[in-house]
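# Tertiary structure, described
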Amino acid sequence: FSYDVFASLPHMERGVAKVLGGDPKGNNFLYTNGKSVIIRNIENPAIADVYTEHPHQVIVAKYAPSGFYIASGDVSGKIRIWDTTQKEHLLKYEYQPFGGKIKDIAWTEDSKRVAVVGEGVCVCVCGAVFLWDSGSSVGEIVGHSKIINSVDIKQTRPYRLVTGSDDNCTTFLEGPPFKFKCTISDHSRFVNCVRFSPDGNRYASAGADGQIFLYEGKTGEKLGSLGGEKAHDGGIYAVSWSPDSTQLISASGDKTVKLWDVGSGTAVTTFNLGSDVLDQQLGCLWQKNHLLSVSLSGYINYLDRSNPDRPLRTIKGHTKSIQCLTVHKTDGRSSIYSASHDGHINILHGENEGFVRKGHSNLVSRMAVDESGRLVTCSMDDTVRYTDLSKRDASDVVKMDMQPKCVSVGPGGLAVTVCIGQLVLLKDKKKLFTLDSLGYEPEAAAVHPGGGAVAVGGADGKVRLYSVQGNTLKDDGKVLEVQGPVTDMSYSPDGAFLAVTDEKKVITVFTVADGYTEKSEFYGHHAKVVCLSWSPDNEHFATGGMDMMVYVWTASDPDKRIKIPDAHRLHHVSGLAWLNPNTLVTTSHDACVKQWNLKN
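Residues numbered from 1 in each chain as written. Predicted model: local features only at pLDDT ≥ 70, side-chain atom pairs only at ≥ 80, totals over all residues. Heavy atoms only, no water.

Spelled out, the test is: UniProt positions are given in the numbering used here, feature names are shortened, and annotations may be inferred rather than shown by experiment.
As annotated in an unreviewed UniProt entry, the protein chain is WD repeat domain 1 from Cyprinus carpio. Under the heading Subcellular location (unreviewed entry), UniProt records this for the protein chain: "Cytoplasm, Cytoskeleton". Among the UniProt annotations of the protein chain, the heading Sequence similarities (unreviewed entry) holds the following wording: "Belongs to the WD repeat AIP1 family."

See the structure below:
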């Protein structure tokens, strides 16, 4: 099936530099999040590709100068070198140069040698240089007493290699084979980034002391510093040179990026990215005429030289695993709303937009849009929030007594929230009625589109029916049996069917008209089914499971199904929603949103 991917943002940590990789042809850029490497088109970042073959969290990825391969390194010390030319990204080689987190990677200009540095199991082994096709060592990275944060290799002969470390020093090596030449101790705090200019004449080192020093590329001799006494008021996390080697940009914790003229050592432009702690700048990349920086929030900023206080564009999205999603149509335009592990809610219509306000402070477990155009969300912060989608700047908070797991909306401002051991009936942003001492643990609920009935699924593998009478919920005394503990449930949009998913890999569909007596069972998932969504056509529904599979089923025929294997490779599907009868949206713990075209 053809699909569009709305990729995750980089995974960010406060005080930790983020390395962005540039494509030698200038078309794409690279970063990492979780176990994924994300390749994005620099002109149109909506075009993205995701590599998910690492078994551990990936820290850094860099293109070979040839452009045909990417080397990526993870927290376990594994380096994978894989093909960029084909969609399958076939693995070419895999190496383990040392045990421990890999923090940076550099290639020689002939794409034949790779240098990697990071946190070794012991301080004596924090780096390695080897031949890309055999793994044979071509030198020794020594001279540091702490972890190595950064490495770069001069892209012209004679080759030189430079590293920067938490011991406040840089080392300079000659080669190949690369041999230690000298240690340089100009910085007074951690060295976060070292980079050679593209012409090889100079290299720059940037540190947590706010300093950028320049050195001669061939000899390592100090040439001076940028910005006089200090380049930035805060620590500097990254530098990136212009293609002509005359300028560079630097990203700092002082929430600015500066553009430097290297010849005069002065700042030409200072880009101000905000005042919030999340606006700290932890990475940057100069590629062709694009100047990119990454904020602690994960947002990717395209810097505007003619307007330094406002980026040309900012790419938004999720940095943490997505837990749920919903779709809403206004004025003929569909928007996708997704919510993540950190409480962040994102809006997608063509491009990620993000919510401007601070919402939930913890994992958002379920979301739905009611008929008044309000986004209703429940979270592990023990609240249900109502957000008016026409304004988006403020939300009304309803505090729950217990942690909510699920919310379902009905007509007339009605909503039912499933909390631990409780059912709560809400209307127009207020609690009406709480039902506790249930005698079972509720897991999911669905309000009938007609509004009078509510189905509640329990951990005991039973579905109980309730009716809304005035301002109360009344137990109808009707119990439906399914195969195992209920994970999700939903009525079809026309209210004709109730579909229930369970932990025993089965989906059960009840026909509402005959008093729920007629039921069909749907088999196919190899693991727990976790989410379900009905198509607007009332005939098809989709399910997602821990087996990483998505199935599209036909309600009238359990044998008729469409299978989407590996919907989010190596990550289970966390949410499903339909944009229209031919387009399904899926989300996952890989923090990506995918839009599937099922027409063909």
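So, next bit.
## Structural notes on the pairing of strand β15 (residues 170-174)
Under the convention used in this document: The buried label applies to any residue whose accessible area, calculated with a 1.4 Å probe on protein chains only, is under 20% of its type's maximum; exposed applies above 50%, and partly exposed to all values in between. A run of H or I in DSSP counts as a helix once it spans at least four residues, and a run of E counts as a strand once it spans at least two, with each numbered from the N terminus. Paired strands, in this sense, are two strands between which DSSP finds at least two bridges.
Burial of β15 is extensive: 4 of the 5 residues sit out of reach of the surface. Pairing analysis gives 5 bridges linking strand β14 (residues 160-165) to β15, with the strands arranged antiparallel. Residue pairing in the sheet places Leu161 in a bridge with Leu173 of β15. Adjacent in sequence and paired antiparallel, β14 and β15 are bridged by 4 residues, among which Asn168 carries a positive phi angle near 70°. Bridging between β15 and strand β16 (residues 179-184) involves 5 bridges; their strand directions are antiparallel. Each bridged residue has a counterpart across the sheet, and for Glu174 the counterpart in β16 is Lys179. Two successive antiparallel strands, β15 and β16, enclose a turn made up of 4 residues.

## Considering the sheet that holds strand β48 (residues 519-523)
As a reminder of what qualifies: Fitted lines through C-alpha atoms give the axes, limited to the stretch in contact for helices. The angle between two N-to-C directions lies from 0 to 180 degrees.
Spatially, 4 strands are ordered β45-β46-β47-β48 in an open sheet, and the strand pairing comes out antiparallel. Only two strands of the sheet have a single partner each, and these edge strands are β45 (486-491) and β48. Taken over all neighbouring pairs, the strand axes of this sheet differ in orientation by 20° on average, direction set aside. Direction of pairing for β45 relative to strand β46 (residues 497-502): antiparallel, over a ladder of 5 bridges. Looking at the pairing, Tyr491 lines up with Leu498 of β46.

## Description of the side chain of Thr543
Heads up, the rule is: Polar contact criterion, stated in full: a pair of N or O atoms within 3.5 Å, where within protein one must be able to donate a hydrogen and the other to accept it, and residues adjacent in sequence count only if both atoms are side-chain atoms. Any two residues whose heavy atoms approach within 4.5 Å at even a single point are treated as in contact.
Here Thr543 lies in strand β50 (residues 540-545). In this structure the side chain of Thr543 is engaged in a polar contact, spanning 2.8 Å, whose partner is the side chain of His525. At 2.8 Å, the side chain of Thr543 forms a polar contact with the side chain of Trp553. Those residues within four positions of Thr543 in sequence are excluded, and the remaining contacts are Thr501, Ile507, His525, Val529, Cys531, Leu532, Met549, Val550, Tyr551, Trp553 and Leu576.

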